[in-house]
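Take a look at the letters that make up each chain.
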Amino acid sequence: MKLNLKRNAKQILFLKAVLENVADYIKDGFGAWQRGFVATFQAGRASGKTHTLFDIVACCARELPGAIFGITAKNYYQVQAVILQQMEIVLKEHNLHLYNKTTSPFGHYVIFQKPPDHWARPHFAVNDYSRTVSFCNGFALQLASADSAESLRGINWDGILCDETASYDEKFKQKLYAGVRANKGRYRDKRKGREKMKHPLHWLKCEFTSAPTRPEGNHIYKTEELAKI
């Protein structure tokens, strides 16, 4: 996976870590095994965290047709604002365009509405399009937030992207992570020598956050500690 984008050094480092991960390993009696790659992008304001989040959305949309990813924030207003303010700008850089029946009939995705009937659908049915971004190949993003219990009921995702994770309660984050369980084994790594491994983006868990302002937010640093094991 290669991106020809103008990004700063920290963005590039994070993207390479995610897109080139080799977190799968061989487990005796089970073959290729992975619980999902976890990555945390911790940086200050205006450092490009949200742009990087949507760089990964673009890659997942192309690589995992039919998959459903969650995109989350502390409250629904925050996650909706992230979607509406920056997604279209970044996806255009990846040559992915918003669909409009009249002005952009060859677009690739729709926001918060039922997609055209001729588009592919996710492997698991979407019942509520009012909080879903749908792509023409069946990939979808579902919005969820800590302030809406309904948005978390029965979640069954192929991956998750979390915005400002330091503001989350750690138990809430773990509940989100537990919902990443869909389509085990459906997507395979395309890289030479890794054909039996899972796709590096499947079951991905990404966190994008500034530094915590309360001790309760220090759970974001556990990713770094676990990487040393």
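Notes on the structure in this doc start here.

Scoring rules and cut-offs
Every chain is numbered independently, its residues counted from 1 as its sequence is written. Reporting in this predicted model follows two pLDDT cut-offs: at least 70 for local features of residues, and 80 or more for side-chain atom pairs to be given and counted; totals over whole chains, interfaces and linings ignore these cut-offs and use all residues. Derived side-chain values reflect all non-hydrogen atoms in the structure, with water molecules and hydrogen atoms excluded from consideration. The numbering of helices and of strands both runs from the N terminus, where a helix is a DSSP run of H or I of at least 4 residues and a strand a run of E of at least 2. Only protein chains enter the area calculation, which uses a 1.4 Å probe; residues under 20% of their type maximum are buried, those over 50% are exposed, and those in between are partly exposed. What qualifies as a polar contact is a pair of N or O atoms within 3.5 Å, subject to a donor-acceptor requirement within protein and to the restriction that residues adjacent in sequence count only when both atoms come from side chains. Whether two residues are in contact is decided by their heavy atoms, any of which lying within 4.5 Å being enough. Directions from the helix axis toward the C-beta atoms define the arc. As used here, the term nonpolar core means buried Ala, Val, Leu, Ile, Met, Phe, Trp, Tyr and Cys residues forming a set that is joined through side-chain atoms within 4.5 Å. Salt bridge criterion: a side-chain nitrogen from Lys or Arg within 4 Å of a carboxyl oxygen from Asp or Glu.

In this fold, His 202 is placed in the loop between helix H4 (170-178) and strand S9 (204-209). Classification of His 202 by relative accessible area gives buried; the value is 0%. Polar side-chain contacts of His 202 include one of 3.2 Å to the backbone oxygen of Ala 182. Those residues within four positions of His 202 in sequence are excluded, and the remaining contacts are Gln 34, Leu 64, Asp 158, Ala 182, Asn 183, Lys 184 and Tyr 187.

Attention now goes to H4. Every α-helix winds through 3.6 residues per turn, so residues three or four apart in the chain are directed the same way. Taken together, the buried positions of H4 are Phe 172, Lys 173, Leu 176 and Tyr 177. In a view along the axis of H4, the buried residues occupy a sector of 140 degrees, so they form one face of it. Looking at H4, the residues exposed on the side facing more than 90 degrees away from the buried face are Lys 171, Lys 175 and Ala 178. Residues of H4 that are buried sit in contact with strand S3 (38-42), strand S4 (68-73), strand S7 (140-145), strand S8 (159-163) and S9. Near the N-terminus of H4, the side chain that reaches the backbone nitrogen of Lys 171, with its oxygen 2.8 Å away, is that of Asp 169.

In this section: the nonpolar core. Counting 59 residues, the largest nonpolar core has Val 18, Ile 56 and Ile 83 as the members making the most contacts within it. Here this core takes 8 residues from helix H2 (residues 49-63), the largest share from any one element. The residues touching Val 18, leaving out its near neighbours within four places in the chain, are Phe 37, Ala 39, Ile 56, Pro 200, Leu 201, Leu 204 and Cys 206.

Overall, the coordinates contain 8 salt bridges when judged by the stated rule. Of the charged contacts, one joins Lys 190 and Glu 63 as a salt bridge, the two residues approaching to 3.5 Å between their closest N and O atoms. Of this pair, Lys 190 sits in the loop between H4 and S9 while Glu 63 sits in helix H2; the two residues are 127 residues apart in sequence, bridging distant segments of the chain. Judged by relative accessible area, which is 63%, Lys 190 ranks as exposed. When salt bridges with common partners are traced through the structure, they connect Arg 7, Asp 55 and Glu 93 into a single cluster.

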